[in-house]
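Okay, here's what each chain looks like letter by letter:
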Amino acid sequence: MNEQNKTFEGNMQRLEQIVRAMERGDVALEESLKLFQEGTELVRNCGKLLDEAELQVEKIMTAPDG
């Protein structure tokens, strides 16, 4: 994973690129499988980042001064 894809926004940008490439329909089967695998990993990473953000929000909201 490159540095850009360590952020939620970077993951989403790469996912959009993958979707556009696959929607064009001009990607070979082997490359489509690689893109699909990368996309599923990016979705997992996005979910993890969102879960972490949700935990941070919950901590802030339940803190004595929150």
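Use the structure listed above.
Predicted model only: the values in this text are computed from it and were never measured.

Quick notes on the rules
Residues numbered from 1 in each chain as written. Predicted model: local features only at pLDDT ≥ 70, side-chain atom pairs only at ≥ 80, totals over all residues. Heavy atoms only, no water. Helix = DSSP H or I, 4+ residues; strand = E, 2+ residues; numbered from the N terminus. Expected span 1.5 Å × (residues − 1). Buried < 20%, exposed > 50% of the residue type's maximum accessible area, 1.4 Å probe, protein only. Contact = heavy atoms within 4.5 Å. Salt bridge = Lys/Arg side-chain N within 4 Å of Asp/Glu carboxyl O.

### Section: helix α2 (residues 29-62)
And step 1. Its 34 residues give α2 an end-to-end C-alpha distance of 49 Å, which sits within 8% of 50 Å, the value for a rise of 1.5 Å per residue.
And step 2. Of the positions making up α2, those classed as buried are Ser 32, Leu 35, Gly 39, Leu 42, Asn 45 and Cys 46.
And step 3. Elements that come into contact with the buried residues of α2 comprise α1 (8-24).

### Digging into the pattern of salt bridges
And step 1. Enumeration over the complete set of coordinates arrives at three salt bridges.
And step 2. A salt bridge links Glu 38 to Arg 14; the nearest nitrogen and oxygen atoms lie 2.7 Å apart. Here Arg 14 lies in helix α1 and Glu 38 lies in helix α2, a separation of 24 residues in the sequence.
And step 3. A relative accessible area of 26% places Glu 38 in the partly exposed class.
And step 4. With relative accessibility at 22%, the residue Arg 14 sits in the partly exposed group.
And step 5. When the shortest N-O distance is used, the salt bridge between Asp 26 and Arg 24 registers 3.5 Å. Accessibility classification places Asp 26 together with Arg 24 in one group, the exposed group.

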